[in-house]
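One-letter residues, chain by chain:
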Amino acid sequence: MPIIKVPATSANLGPGFDCLGIALDLYDTFTVTKAESKDVLHNVEEKYCTPDNLFLQAYHKGAEKLGYSDYIEAEFACDIPISRGLGSSAAMIISGLLAANALHEKKLTKDEIFQLACDMEGHPDNAAPALAGGFCAAMHGTAWTMTKLPLDPSFVFTALVPDFAVETKKARAILPDSYPRKEAAANIGHAIFLAKALETGNMDLLKQASKDYLHEPYRSQLITDFDKIKDITETDTDGHLFISGSGSTCLLVSARPLSKQAQDEISARTSPAWKIYSLHCDRDGGRIL
Ligand SMILES: Nc1ncnc2c1ncn2[C@@H]1O[C@H](COP(=O)(O)OP(=O)(O)O)[C@@H](O)[C@H]1O
Ligand SMILES: N[C@@H](CCOP(=O)(O)O)C(=O)O
């Protein structure tokens with residue numbers, strides 16, 4: 001039976017709001033086969049076991065685009081925390097679309113998968129790295145467009161995951177509709193230099209370019225202990241702490257790993273204790289095994 005494996009993703013990376021994202025080596029996997037007369041899901045939380053399930057919706061969209069109307073049986077094995085800003089919804093969508101390819105003779109192209117996924121998500125910065133792996137930029141021009149950007153291998157990524165969820169829809173709803181020109185201009189410059197810093201491994205440039213004006217100032221207020229965690233992690237590693245996607249996870253980008261002492265301090269000073277994942281960039285993206 002085909003197995004689909006899709007990585008977690010961390011979108012935005014500060015100033016790259018809705019356009020930059022990176023794939024991380026934490027995965028959702030799905031064992032899939034065709035079903036007779038209805039969709040069947042295994043190992044899925046009851047509240048997500050409905051026809052609205054994103055994996056099922058994406059599977060049917062993909063199958064329909066290929067000209068098929070049928071059913072799927074899928075066993076979920078999901079390690080990506082849900083509604084924590086690590087792209088669990090994009091992982092569901094990319095997996096469902098890859099499952100449509102895995103179970104049919106006709107295949108969607110990578111670009112067709114990307115277009116369908118972005119239409120479902122509404123923003124492309126998780127879908128791009130979830131599908132292609134690596135560090136990606138994406139935008140909507142005449143269609144959804146993405147490119148993989150170079151990433152220096154020296155960076156390490158630490159995901160700090162609180163016990164509480166932040167729904168992406170809600171975290172988008174709290175953002176302003178417009179911004180002062182000075183802030184918009186600063187964000188553009190910062191996003192370009194952030195990409196350069198990630199390409200060259202220049203930590204000093206990364207820190208200068210990491211300030212965001214579009215979402216982090218608003219969303220950090222939704223994350224209890226954000227300032228405390230930022231202080232502990234940045235002092236310990238000399239790295240930079242971003243809000244991952246729309247939160248609640250925070251992503252530390254640094255040249256050296258978070259020390260055991262800092263990890264213990266975070267555990268002691270958060271309640272319930274935040275989970276800490278030491279991660280690397282996934283370079284391959286969503287795949288059928
Ligand atoms: N393992 C899973 N099983 C079922 N549905 C999931 C799973 N992971 C994610 N989802 C879907 O994705 C939604 C979370 O999306 P969202 O709030 O955008 O958070 P995230 O930042 O993790 O992408 C859930 O409400 C659910 O619909
Ligand atoms: N650019 C989006 C990214 C949302 O990512 P998620 O992992 O929180 O779904 C945003 O910032 O709203």
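Residues numbered from 1 in each chain as written. Chains lettered and ligands numbered in written order. Predicted model: local features only at pLDDT ≥ 70, side-chain atom pairs only at ≥ 80, totals over all residues. Heavy atoms only, no water.

Undergrad: Summarise unusual backbone geometry; cite the residues concerned and give the values.
TA: Across the junction of G247 and S248, the peptide omega takes the value 10°, indicating a cis bond. In this fold, S248 is placed in the loop between β8 (240-243) and β9 (250-254). Put simply, S271 and P272 share a cis peptide bond, and its omega is -10°. Its place among the elements puts P272 in the loop between α10 (260-269) and β10 (275-279). (Helix = DSSP H or I, 4+ residues; strand = E, 2+ residues; numbered from the N terminus.)

Undergrad: Tell me about the site of ligand 1, residues and numbers included.
TA: Near ligand 1 there are 17 residues, and of these S83, G85, S88, S89 and T168 occur at the shortest range. G85 places a polar main-chain atom, nitrogen or oxygen, 3.1 Å from an oxygen atom of ligand 1. A distance of 3.1 Å separates an oxygen atom of ligand 1 from a polar atom in the side chain of S89. Relative to its unbound accessible area of 570 Å², ligand 1 is 84% covered by the protein chains. Elements supplying a minimum of two residues to the shell around ligand 1: β4 (71-78) and α2 (88-102). Take the shell around ligand 1: its biggest share by element is three residues, from α2. By residue class, the composition of the shell around ligand 1 is eight nonpolar, seven polar and two charged. (Near = heavy atom within 4 Å. Polar contact = N/O pair within 3.5 Å; in protein donor to acceptor, adjacent residues only side chain to side chain. Areas by Shrake-Rupley, 256 points an atom, 1.4 Å probe, with all protein chains shown as cover. Nonpolar A, V, L, I, M, F, W, Y, C, P; charged D, E, K, R; others polar.)

Undergrad: I'd love a proper account of the pattern of salt bridges, names of residues and values included.
TA: Scanning all chains against the criterion turns up nine salt bridges. A salt bridge links K207 to D238, with the shortest nitrogen-to-oxygen separation between them at 2.6 Å. Of the two residues, K207 sits in helix α7 (residues 203-209) while D238 sits in the loop between α9 (226-237) and β8, which places them 31 residues apart along the sequence. Measuring nitrogen to oxygen at the nearest pair gives 2.7 Å for the salt bridge that ties E234 to K230. Of the two residues, E234 and K230 both sit in helix α9, four residues apart, roughly one turn of that helix. (Salt bridge = Lys/Arg side-chain N within 4 Å of Asp/Glu carboxyl O.)

Undergrad: Give me the sheet that holds β8: which residues, what numbers.
TA: Strand order across the open sheet formed by four strands is β8-β9-β7-β10, with antiparallel pairing between neighbours. Of all the strands in the sheet, just β8 and β10 have a single pairing partner and so form its edges. The sheet shows a mean angle of 25° between the axes of neighbouring strands, direction not considered. Two strands pair when backbone bridges link them, and β8 and β9 are joined in this way by four bridges, in the antiparallel orientation. Each bridged residue has a counterpart across the sheet, and for I243 the counterpart in β9 is C250. Sitting on the sheet, α9 touches β7 (156-161), β8 and β9, and the angle it makes with β8 is about 145°. (Pairing = 2+ DSSP bridges. Axes fitted to C-alpha atoms, helices over the stretch in contact; angles between N-to-C directions. Contact = heavy atoms within 4.5 Å.)

Undergrad: Can you break down the site of ligand 2 residue by residue, with the values?
TA: Looking at ligand 2, there are 15 residues lining it, with D18, D125, R172, R219 and S246 nearest. At 2.6 Å from an oxygen atom of ligand 2 is found a side-chain nitrogen or oxygen belonging to R172. For ligand 2, whose accessible area on its own is 350 Å², the fraction buried by protein is 98%. Among the detected pockets, ligand 2 sits in the largest pocket. Tallied by class, residues from the shell around ligand 2 come to three nonpolar, eight polar and four charged. (1 Å grid on protein atoms, 1.4 Å probe; cavity = no way out; pocket = protein on both sides within 12 Å on 5 of 7 lines; lining within 4 Å. Sits in = over half its atoms within 2 Å of the grid points.)

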